[in-house]
Amino acid sequence: MQLTQDFLRTKKLPHIWCPGCGNGIVTAALVRAIERAGYDQREVVIVSGIGCSSRAAGYLNFNTLHTTHGRALAFATGLKMARPELTLFVIMGDGDCSAIGGNHFIHSARRNIDLNAIVVNNHIYGMTGGQHSPLTPTGMKATTAPGGTLERAFDLLELAKGAGATFGARGNAAQPRQLEQLITRAAKHKGFSVVEALSPCPIAYGRRNKLGGAVEMLKGMKESSVAVERAAEMDEADLEGKTLNGVLFSIDAPEFSSEYHRMIKKDHG
Amino acid sequence: MAETKPVLMQGNEACAMGAISAGVRFYAGYPITPSTEVAEIMAAKLPEIGGVFIQMEDEIASMAAVIGASIGGMRTLTATSGPGFSLKQENLGYAIMAEIPCVVVNVQRMGPSTGVPTAPAQGDVMQARWGTHGDHPIIVFSPSSVYETYYLTIAAVNLSQKLRQPVIMLLDEVIGHMREKVFIPEAGKLLVEKSSDQIPSDWKPYDEKGLTPLVPFGFGHYYHVTGLFHDQYGFPTGDPPHVERALDRLHAKLEKYRDEIVLTNYIGHKEPRVAIVAYGCTVRSARSVVKKAYWQDRLPVGLLSLQTIWPFPAREIEALAKQADVIIVPEMNMGQLVGEVERYVCGQAKVVPLNRYDGEMITPDQISELIGRWLS
């Protein structure tokens, strides 16, 4: 599908991302998903935090809100409560969402507020030059873990589910068509949706961990991913080292902003 | 403005009711003593009038949610106290930079740190001015009564909307928790300044030519909002001349409307030998002393009370310094605003600080004893 130029601020390009970065692929998948879902451009809001992937907001021709580090979901919560008719996509990086923004992430999930969180997970803080994040796998190297990190990583989608999120999906930059479909489904889901988009950072992560360049990293991503449907038929030994992709969970539950506004109307309308 | 019969209410309640009167329909907050009543009143009242109340997961999120709702076009307010005010600073800076209107209430308590949560203090004067990083402009009101709290909150909301600038309501535990009568205006007779519905065709979110209304998200203006330095359309720039111009513009906005922002009140002798400069609850003790000393005993004393402490009322202080020999500055801290007073008195009068920081109010006796010493 041709990428709609109306949804891009072409005058703001070229983007700031490094060669081989996956942010452009994820951003393109988001734009295609928005177009496919047929939203009114006026009613789409892109909120983002701080970091490489959060710069995407500046290149997208919607209502765009580039917030502070970790706080994108809290800004988005206020906006969604004020204007429940708007559709919000919240772009965050792995450190932005799960470290400094971890509290807002679990509480957005708990409220089940209708926000679509797109977490671009490159396993590293890229903008600051390669520090480990809560999504860096144990043993991987970073400038702040030169011998490999001893810390254990979050499973972001398990975290989201445990906290009350009602839609969770994982895709990757190597399979952009699937990623687009996952974002579309997340957007259609009423409630807090999380799409974890695995994305290569050859400069700040791949190079230090000898994962090769962008092509090798994308290839590795594709090879290690297993669709959830297929994984159900595989045994544990075969799943060792694999990453599940697709829709991991989708649950029906009351959504916070609509419940709140229904309460206002019922009690005081 | 037509006023009805007096209502007895608490300072925190007056703040909440003033906000609602001024059109505030969104509140996000986190519980903290001694400001919690503001949240509780908002939680009860806002749903009744179609507004939104949300208790957020922390102080940082509350400030962020308020900014988000303002971008959605709502008039917003959040309330906190010292430790929570510290946590709000980063996003307060964001609101200043992105020019998003909002009102932040800080009901001061005794610090530093957890301090004495239920004791009054005026220790956040400098935090209110400089708490967030960078050279930012700020407006801070410091009411000295429940009545002033009600009307200054309305002024705060209106000014915040007009200038697209966050305004701080710096209360203290005394004002927040005391009960006093307030004359509430009749419904529909309020001074709520409506922002213009007319959006000019050449509208720019950050017009270099001057004030421009905030067009909420959702109306087909695809501008960008960021905490980065930005151009007239909101897009990031790091170009040095542009950065300097943008920062100058933020400050010029307040300078231009200075007379609407800086509110003070003087009572007492026209050419006082001893004058007091006070703000917040300390005004109450000072006023009772000056009333007796001037109106009853005809002594050459006066009181300049500051409803606005930032931007600092420099002109008023300069004028007072030309008249008074001695200027007493009572503060419930170790001396914060007194430094600013000295800066503008500039040696033309003797500046005498009077500080108390044990969690108790400065009493009229303390002030009158000091006045007596300087008069004799």
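Residues numbered from 1 in each chain as written. Chains lettered and ligands numbered in written order. Predicted model: local features only at pLDDT ≥ 70, side-chain atom pairs only at ≥ 80, totals over all residues. Heavy atoms only, no water.

Student: How do you make sense of the overall build of chain A when you look at a structure like this?
Tutor: Per the secondary structure count, chain A includes 11 helices and 10 strands. Taken against the 2.2 N^0.38 rule, which gives 18 Å for 269 residues, the C-alpha radius of gyration of chain A at 18 Å falls within 12% of a compact globule. Its C-alpha atoms give chain A principal-axis dimensions of about 60 × 45 × 35 Å. In chain A, the proportion of contacts linking residues at least 24 apart, taken out of those at least 6 apart, comes to 68%. Within the structure as shown, chain A displays about 11,200 Å² of accessible surface, and the carbon and sulfur contribution to it stands at 53%. Averaging the locations of the 30 positively and 25 negatively charged side chains of chain A gives two centres separated by 7 Å. (Helix = DSSP H or I, 4+ residues; strand = E, 2+ residues; numbered from the N terminus. Rg over C-alpha atoms; globule rule 2.2 N^0.38 Å. Contact = heavy atoms within 4.5 Å. Areas by Shrake-Rupley, 256 points an atom, 1.4 Å probe, with all protein chains shown as cover. Lys, Arg positive; Asp, Glu negative; His and termini not counted. Charge placed at Lys NZ, Arg CZ, Asp CG, Glu CD.)

Student: Would you mind showing me how to read the nonpolar core here?
Tutor: Within soluble globular proteins, side chains that are nonpolar tend to cluster in buried spots. By size, the foremost hydrophobic cluster in this structure holds 154 residues, and its most contacted members are A:F192, B:F26, B:M42, B:V225 and B:I327. With 9 residues, the single largest contributor to this core is helix α6 (residues 146–163) of chain B. Looking at this core, you find at least three residues from each of domain 1 (3–185) and domain 2 (264–375) of chain B. Ranked by size, the runner-up nonpolar core spans 32 residues in total, among them A:A33, A:Y39, A:I91 and A:L182. (Core = buried A, V, L, I, M, F, W, Y, C linked by side-chain atoms within 4.5 Å. Buried < 20%, exposed > 50% of the residue type's maximum accessible area, 1.4 Å probe, protein only. Domains from an automatic or database assignment.)

Student: Is there a simple way to explain the layout of surface pockets in this structure?
Tutor: Gaps between atoms show up when a probe of the same size as a water molecule is rolled over them. All names here are of chain A. Of the volumes computed, that of the largest pocket is approximately 730 Å³. In this structure, the largest pocket is lined by 25 residues; those nearest its centre are H123, P137, L198, K242 and T243. Taken together, the elements giving at least two residues each to the lining of the largest pocket come down to β8 (193–198), α8 (214–224) and β10 (243–250). No other element matches α8, which puts 5 residues into the lining of the largest pocket. The class makeup of the residues in the lining of the largest pocket is 13 nonpolar, 6 polar and 6 charged. (1 Å grid on protein atoms, 1.4 Å probe; cavity = no way out; pocket = protein on both sides within 12 Å on 5 of 7 lines; lining within 4 Å. Points joined across faces, edges and corners; volume = space filled by probe spheres on them. Nonpolar A, V, L, I, M, F, W, Y, C, P; charged D, E, K, R; others polar.)

Student: Would you mind going over the interface of chain A and chain B with me for this structure?
Tutor: One widely used convention gives an interface's size as the accessible area the parts lose upon coming together. The interface of chain A with chain B comprises 37 residues on the first partner and 40 residues on the second. Interface area for chain A against chain B, summed over the two sides, is near 3,100 Å², with a carbon-plus-sulfur share of 62%. Sorting the residues of chain A by area buried against chain B places A:H66, A:F75 and A:R83 first, and these three jointly supply 17% of that buried surface. Our count for the contact surface shared by chain A and chain B stands at 1 salt bridge. The closest approach of N and O atoms between A:R111 and B:E57, which form a salt bridge, is 2.7 Å. If you look at where chain A meets chain B, you find 19 residue pairs in polar contact (both at pLDDT 80 or more). Elements with a minimum of two residues in the side of chain A that touches chain B: β2 (63–66), α2 (72–82), α4 (102–111) and α11 (256–268) of chain A. The dominant element in the side of chain A that touches chain B, judged by the number of residues it contributes, is α2(A), at 7 residues. A class-by-class count of the residues in the side of chain A that touches chain B yields 14 nonpolar, 16 polar and 7 charged. Of the strand pairs in this sheet, β2(A) and strand β9 (residues 224–226) of chain B are connected by 3 bridges, and their pairing is parallel. Note on β9(B): the bridge partner recorded for A:L65 is B:V225. (Buried area = accessible area lost by both parts, 1.4 Å probe. Salt bridge = Lys/Arg side-chain N within 4 Å of Asp/Glu carboxyl O. Polar contact = N/O pair within 3.5 Å; in protein donor to acceptor, adjacent residues only side chain to side chain. Pairing = 2+ DSSP bridges.)

Student: Which parts of the structure should I look at to understand the domain arrangement of chain B?
Tutor: Residue and element names in this part refer to chain B. When its domains are assigned, chain B resolves into domain 1 (3–185) and domain 2 (264–375). With centres defined by C-alpha atoms, the gap from domain 1 to domain 2 works out at 26 Å. At the interface, 26 residues of domain 1 touch 22 residues of domain 2. A buried area of about 1,900 Å², summed over both sides, lies between domain 1 and domain 2, and 58% of it is on carbon and sulfur atoms. In terms of surface lost to domain 2, no three residues of domain 1 exceed Q122, V125 and S144, which account for 31% of the buried area on that side.

Student: Explanation requested: the pattern of salt bridges in the structure shown.
Tutor: According to the stated counting rule, one finds 23 salt bridges over all chains in the structure shown. In this structure, A:E196 engages A:R170 in a salt bridge whose closest nitrogen and oxygen atoms are separated by 3.0 Å. With A:E196 in strand β8 and A:R170 in strand β7 (residues 167–172), this residue pair connects regions lying 26 residues apart in the sequence. Each of the two residues, A:E196 as well as A:R170, counts as buried. Sharing partners across several salt bridges, the network here consists of B:R258, B:D259, B:R315 and B:E316.

Student: What is the right way to read the packing of helix α1 (residues 11–21) of chain B against α6(B) from this model?
Tutor: In a pair of packed helices, the angle between the axes and the distance between the axes together describe the arrangement. All names here are of chain B. Where α1 contacts α6, the two axes come as close as 8 Å, and the packing angle between them is 30 degrees. With respect to their mutual orientation, α1 and α6 come out roughly parallel. Here the hand of the crossing between α1 and α6 comes out right-handed. For the pair α1 and α6, the contacting residues are G11, A14, C15, M17, G18, A19 and S21 in the first and V146, T149, Y150, T153 and I154 in the second. Considering only residue class, the contact of α1 with α6 consists of 7 nonpolar, 5 polar and no charged. (Axes fitted to C-alpha atoms, helices over the stretch in contact; angles between N-to-C directions. Parallel < 35°, antiparallel > 145°, perpendicular 65-115°, else oblique. Left-handed = near helix turned anticlockwise from the far one by under 90°.)

Student: Would you mind showing me how to read the packing of aromatic side chains here?
Tutor: Aromatic ring pairs: the centre-centre distance and the angle between the two ring planes describe each pair. Residue and element names in this part refer to chain B. For the structure on display, the rule yields 14 aromatic pairs over all chains. When the centroid spacing of 5.6 Å and the interplanar angle of 5 degrees are considered together, the rings of Y27 and F53 count as stacked. Placement of the pair is Y27 in strand β2 (residues 24–29) and F53 in strand β3 (residues 52–55), with a sequence separation of 26 residues. The same class applies to Y27 and to F53, which are both buried. (Phe/Tyr/Trp six-rings, centres within 6.5 Å; stacked < 30°, edge-to-face > 60°.)

Student: Which parts of the structure should I look at to understand the sheet that holds strand β10 (residues 264–268) of chain B?
Tutor: In a beta sheet, neighbouring strands are held together by backbone hydrogen bonds and run either parallel or antiparallel to one another. Residues and elements named next belong to chain B. Strand order in this open sheet of 5 strands is β10-β12-β11-β14-β15, and the pairing throughout is mixed. The sheet terminates laterally at β10 and β15 (350–355), the two strands that pair on one side only. Within this sheet the neighbouring strands show an average axis-to-axis angle of 20 degrees, counted without direction. For strand β11 (residues 274–278) and strand β12 (residues 301–306), the ladder comprises 5 bridges, and the chain directions are parallel. Note that in β12 the partner of I276 across the bridge is L303. Contacts from helix α12 (residues 337–345) reach β11, β12, β14 (326–331) and β15 within the one sheet, and its direction differs from that of β14 by about 160 degrees.

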